[in-house]
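One-letter residues, chain by chain:
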Amino acid sequence: RKVGDLPLDYDHERGPAPGWIKNLRSQGTSLFADVALTPTGKEKIRSGEYRFFSPEWHPDWADPESGRKHGPTLFGGGLTNKPFFRGMAAICCSE
């Protein structure tokens, strides 16, 4: 990815980032992310203020420079309590 880490936000609103997606990995049919959270982002999750992740993605993104299509592409996402996709596990913090 040309831009580096993927940004998180609160409720898909512009503003301070609660963290950055550093790595993605698939396990079976699930996708997991390694995220570097800010101290505020950690506290909002640990306190229960935010519980879920809501992805920002495109089903078949095309690079505007080359026109090459990449298929499903994640751009980032938001910490939220009302995710569009139901049935995802709650966010958990670990060291």
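Refer to the structure presented above.
(A) Representation of the packing of aromatic side chains. The full count for this structure, using the stated rule, is 4 aromatic pairs. On the basis of an interplanar angle of 80° and a centroid distance of 5.3 Å, the ring pair of phenylalanine 84 and phenylalanine 85 is categorised as edge-to-face. The class of phenylalanine 84 is exposed, set by a relative accessible area of 70%. Within the aromatic cluster, the residues linked to one another by ring pairs are Trp57, Phe84 and Phe85. We note lysine 44 situated over the ring of tyrosine 10; from NZ or CZ to the ring centre the distance is 5.5 Å.

Rules used in this analysis
Residues numbered from 1 in each chain as written. Predicted model: local features only at pLDDT ≥ 70, side-chain atom pairs only at ≥ 80, totals over all residues. Heavy atoms only, no water. Phe/Tyr/Trp six-rings, centres within 6.5 Å; stacked < 30°, edge-to-face > 60°. Buried < 20%, exposed > 50% of the residue type's maximum accessible area, 1.4 Å probe, protein only. Lys NZ or Arg CZ within 6 Å of the ring centre and 35° of its normal.

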